[in-house]
Amino acid sequence: MRTLRWSTALAVMLVASMFAADRAQAQMPLHLTAGPSLGTISSDDFPDSDASFGFFAAVGTSFAVGESVAISPYVGYVQKGAEFNDETASYDYIEIPVFLSTWFPVGENMSWSIFAGPAIGFQINCDEDGFDCTEFEDHESMEISGLIGTGLMFPGGFSVGVGADVGFTDLFDSVDYKTRTFWLSLGYSTSLGGANGDM
């Protein structure tokens, strides 16, 4: 029930962010980002996990809500997991974060951004060294997490960033078992639409 309440609240935030767009805005921003991820598990029951490498990719947009402040909803694919005594645990998600972001000028042509917000993830794969872990009765296929990151935006729409994705819900109800994922991103931003705001 707690996960359901979190997911409902996040869905409301996502819809609200859509309506927060300035209707006078001429174009709709489009953000593309991808890069490597480094996954671990936070667990008192399984303290000896090692990091595993993965990948993420996402697409999003942003709506200005103030000077140098925006709400940015995304949808993406992310690989999470860990290593346990040479055995690999892989958890893949379709994740929907909603960021509150701000940025500051750095020199004449660059800017520095900071962003954070909640996310809801829908697990599409759960593999523990070849075993389908969705067969466990206490398996949880939905994850609520919090994301935080920072980056540099360059001329031409290019950007680089780093961040962390901290799971708040346990992957299995009977144990303390939360994902921790760190990522490095390469991004590109452009715009869709014309002067009348149509996409």
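Provided above is the structure to which this section pertains.
Quick look at the structure, then.

The rules behind each value
Counting from 1, residues in each chain are numbered in the order their sequence is written. Reporting in this predicted model follows two pLDDT cut-offs: at least 70 for local features of residues, and 80 or more for side-chain atom pairs to be given and counted; totals over whole chains, interfaces and linings ignore these cut-offs and use all residues. Only hydrogens and water are set aside; all other atoms, that is, all heavy atoms of the structure, feed into the side-chain values. Take the buried Ala, Val, Leu, Ile, Met, Phe, Trp, Tyr and Cys residues and link them wherever side-chain atoms come within 4.5 Å; each set so joined is a nonpolar core. For the exposure calls, accessible area comes from a 1.4 Å probe over protein chains only, and a residue counts as buried if that area is under 20% of its type's maximum, exposed if over 50%, partly exposed in between. A run of H or I in DSSP counts as a helix once it spans at least four residues, and a run of E counts as a strand once it spans at least two, with each numbered from the N terminus. Contacts are residue-level and defined by heavy atoms, with any inter-residue pair within 4.5 Å sufficient. Grid points spaced at 1 Å over the protein atoms alone were grouped into cavities, where a 1.4 Å probe fits but cannot get out, and pockets, open sets with protein on both sides within 12 Å along at least five of seven lines, with lining residues defined by an atom within 4 Å of a point. Grid points are joined across faces, edges and corners, and a volume is the space filled by probe spheres set on the points. Charged residues are taken to be Asp, Glu, Lys and Arg, nonpolar residues to be Ala, Val, Leu, Ile, Met, Phe, Trp, Tyr, Cys and Pro, and polar residues to be all remaining types, Gly included.

**Details of the nonpolar core**
Here is step 1: I41, F84, Y91, L171 and Y177 are the most contacted members of the largest nonpolar core, which has 20 residues in total.
Here is step 2: Where this core is concerned, the elements lending two or more residues are β2 (52–60), β4 (69–84), β5 (87–106) and β6 (110–128).

**Digging into the environment of S191**
Here is step 1: Considering the arrangement of structural elements, one finds S191 in strand β10 (residues 178–192).
Here is step 2: You can call S191 partly exposed: its relative accessible area is 36%.
Here is step 3: Taking C-alpha positions, S191 is 9.1 Å from T61, a pair spaced 130 residues apart along the chain.
Here is step 4: Setting aside chain neighbours within four positions, we find S191 in contact with Q27, M28, P29 and L30.

**Notes on the layout of surface pockets**
Here is step 1: When its volume is computed, the largest pocket comes out at roughly 910 Å³.
Here is step 2: Per-class residue counts for the lining of the largest pocket are 24 nonpolar, 19 polar and two charged.

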